[in-house]
Amino acid sequence: GIHLRNQDIAGRLIEGGHFTAGTEPASTSRSGELWATYANVTTRAVDFAGGRYAISDNWNMSLYGANYEDLWRQAYVGTDYGWAVDGQSRIDTSFNLYRSLDQGQAKAGDINTTAFSTKVAYTRLNHKLSLSYQQIHGDTPMDYVGFGNNGSGSFGNSIYLDNPVMVSDFNGPNEKSWQLRYDLDMAPYGYPGLSFMARYVYGYDIK
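Parameters at a glance
Residues numbered from 1 in each chain as written. Predicted model: local features only at pLDDT ≥ 70, side-chain atom pairs only at ≥ 80, totals over all residues. Heavy atoms only, no water. Helix = DSSP H or I, 4+ residues; strand = E, 2+ residues; numbered from the N terminus. Buried < 20%, exposed > 50% of the residue type's maximum accessible area, 1.4 Å probe, protein only. Contact = heavy atoms within 4.5 Å. Phe/Tyr/Trp six-rings, centres within 6.5 Å; stacked < 30°, edge-to-face > 60°. Pairing = 2+ DSSP bridges.

Caption draft 1: Focus on the overall build of the protein chain. The secondary structure content of the protein chain amounts to zero helices and 14 strands. Along the protein chain, from the amino end to the carboxyl end, the secondary structure elements read β-β-β-β-β-β-β-β-β-β-β-β-β-β. Reported as C-alpha extents along the three principal axes, the dimensions of the protein chain are approximately 55 × 45 × 30 Å. Counting only residues that meet the buried cut, the protein chain has 37% of its 207 residues in that class.

Listed below in structure tokens is the structure:
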């Protein structure tokens, strides 16, 4: 495929791409497929366009659109904002929203899904505590692209929601989820580059 990016204007990114195949990490083949991770059906092409804009040093906005041929069309909007409380602590917030509708032959089924997540994080010195909430509206999962051999390839890191963790996305139909997370940076204790993290995620109301 092809991916074009432009950052000529400071604080702004404009990009777009057209892709017809994908390679999984354990393969050198260039003929791998692009497919819907949950629906487990392939698409001939994926197109996307959009950009990010830094409104200020503390506030960023993103807007993207994508088309998965004969699967779905998708729009995304996201924002994050943070500010310093004092010299030792800060608060960061974020919000992400996806809107997906089936397209063309609708090989992934009837799709009418809205997904969103929001997060607030408090950092003091080397400690960070985060709380996030995520919700899926619709009778199908919040699906996303996979690549490689269909069914045995790899999932794409292609969604900006707060609660997907490891192999659990909490993206099921009508699912709601909360996450509590703690991060610890060990650099002040003489171990730069070492960190610890603990989290608990709870999902409910899934169909």
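Caption draft 2: Representation of the side chain of Ser89 within the structure. Mapped onto the elements of the fold, Ser89 is located in strand 8 (residues 89-102). In contact with Ser89, not counting residues within four places along its chain, are Ala84, Tyr122, Thr123 and Arg124.

Caption draft 3: Structural context of the side chain of Ser94. Relative to the elements of secondary structure, Ser94 occurs in strand 8. Accessibility expressed as a relative area gives 15% for Ser94, which makes it buried. What Ser94 contacts, discounting residues up to four positions off in sequence, is Thr79, Asp80, Ser117, Thr118, Lys119 and Asp162.

Caption draft 4: Up close: the packing of aromatic side chains. On inspection of all chains with the given rule, the structure shows 11 aromatic pairs. On the numbers, 4.6 Å between centres and 50° between planes, the contact of Tyr133 with Trp178 is tilted. Note that Tyr133 is positioned in strand 10 (residues 127-137) and Trp178 in strand 13 (residues 176-185), a separation of 45 residues in sequence. Residue class for Tyr133 comes out buried when judged on its relative accessible area of 14%. Grouped by ring-pair contacts, the aromatic residues Phe95, Phe116, Tyr133 and Trp178 constitute a single cluster.

Caption draft 5: Inspection of the pairing of strand 2 (residues 12-19) at higher detail. Bridging between strand 1 (residues 2-6) and strand 2 involves five bridges; their strand directions are antiparallel. When the sheet's bridge partners are listed, His3 is paired in strand 2 with Gly17. Following strand 1, the chain reverses through five residues before pairing antiparallel with strand 2; Gly11 in that reversal takes a positive phi of roughly 85°. Here eight bridges tie strand 2 to strand 5 (residues 46-54), and the two strands are oriented antiparallel to one another. Each bridged residue has a counterpart across the sheet, and for Arg12 the counterpart in strand 5 is Tyr53.

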